[in-house]
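Each chain is listed here by its residues.
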Amino acid sequence: MKKILFLHGFFASGQCVPALALREAFKGRAELITSDLPTHPRMALKQIEEICDKQKPDLLVGNSCGSFYAQMPAPIIGVPALLGNPHFKMTVFLKQRICGGIVLQIWH
């Protein structure tokens, strides 16, 4: 069975409405992997890397901040990414919301 890794937005969770809708839509046809991502980008990217290494998803689906994250590992692990409602200025968005600011590192 195919595996889809869904990456939620910044203020959402792995049980958000888009995740639940995808799970229902692909019931019996694909396994939907949803996880609550940490707020801090480095921690979130580390968790995504670990999930990808362990679960070997066939597709990444991201929503908002999850789209920002999905675009990074997709070419590295060689799977397509579907980006829903992508937030293209994520560094500005996150810098204002993470204490002390951050410098985002590229995957690996």
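Within each chain, residue numbers correspond to sequence positions counted from 1 in written order. The model is predicted, so local features are restricted to residues of pLDDT at least 70 and side-chain atom pairs to those at 80 or more, both for listing and for counting; the totals for chains, interfaces and linings are taken over all residues. To obtain the side-chain values, all non-hydrogen atoms of the structure were included, while hydrogens and water were left out.

Asker: I'd like a rundown of the environment of Phe26, residues and numbers included.
Answerer: Here a strand is any run of E in DSSP of at least two residues, a helix any run of H or I of at least four, and the numbering for each starts at the N terminus. Considering the arrangement of structural elements, one finds Phe26 in the loop between α1 (17-25) and β2 (30-34). Classification of residues uses two cut-offs on accessible area relative to the type maximum, computed with a 1.4 Å probe and protein chains only: under 20% is buried, over 50% is exposed, and between them is partly exposed. Judged by relative accessible area, which is 28%, Phe26 ranks as partly exposed. C-alpha of Phe26 to C-alpha of Ile4: the two residues are 22 residues apart in sequence and 9.3 Å apart in space.

Asker: An account of the nonpolar core is needed here, citing residue identities and associated values.
Answerer: The biggest cluster of nonpolar side chains holds 20 residues, and the ones touching the most others in it are Leu5, Leu7, Leu37, Ile48, Leu60 and Tyr69. Put simply, the parts of the chain that give this core at least two residues each are β1 (2-7), α2 (41-55), α3 (65-70) and α5 (90-95). Top element by residues in this core is α2. It accounts for 5 residues. Contact partners of Leu37, with chain neighbours within four places excluded, come to Leu7, His8, Ala44, Gln47, Ile48 and Tyr69. Here the nonpolar core consists of buried residues drawn from Ala, Val, Leu, Ile, Met, Phe, Trp, Tyr and Cys, with membership extended through side-chain atoms lying within 4.5 Å. Whether two residues are in contact is decided by their heavy atoms, any of which lying within 4.5 Å being enough.

Asker: I'd like a description of the environment of Lys2, backed by residues and values.
Answerer: Note on placement: Lys2 falls in strand β1. Expressed as a C-alpha distance, the spacing of Lys2 and Asp58, which sit 56 residues apart in the sequence, is 6.1 Å. When neighbours within four sequence positions are excluded, Lys2 is seen to be in contact with Arg29, Ala30, Glu31 and Asp58.

Asker: An account of the packing of aromatic side chains is needed here, citing residue identities and associated values.
Answerer: Side-chain rings of Phe, Tyr and Trp (the six-membered ring for Trp) are treated as a pair once their centres are within 6.5 Å; stacked means planes under 30 degrees apart, edge-to-face means over 60, and tilted covers the remaining angles. Under the counting rule described, the total for this entry stands at 2 aromatic pairs. Ring geometry for Phe10 versus Phe11: centroids 4.8 Å apart, planes at 85°, classification edge-to-face. Since its relative accessible area comes to 15%, Phe10 is described here as buried. An angle of 55° between the planes, with centres 5.8 Å apart, marks the rings of Phe68 and Tyr69 as tilted.

Asker: Please set out the pattern of salt bridges residue by residue, giving values where relevant.
Answerer: The working definition used for a salt bridge is a side-chain nitrogen of Lys or Arg within 4 Å of a carboxyl oxygen of Asp or Glu. Summed over all chains, the structure comprises 1 salt bridge. One salt bridge connects Glu50 with Lys46, and the closest N-O pair in it is separated by 4.0 Å. One end of the pair is Glu50 and the other is Lys46, both in helix α2 and 4 residues apart, which spans about a single turn. Owing to a relative accessible area of 45%, Glu50 belongs among the partly exposed residues under this scheme.

Asker: Which residues make up the pairing of strand β3 (residues 59-63), and what values do they have?
Answerer: Being paired, for any two strands, means DSSP has found at least two bridges between them. Of the strand pairs in this sheet, β1 and β3 are connected by 4 bridges, and their pairing is parallel. In the sheet register, Leu7 faces β3, and the bridge partner there is Gly62. Relative to strand β4 (residues 81-84), β3 is paired through 4 bridges, and the arrangement is parallel. What sits directly across from Asn63, in β4, is Gly84.

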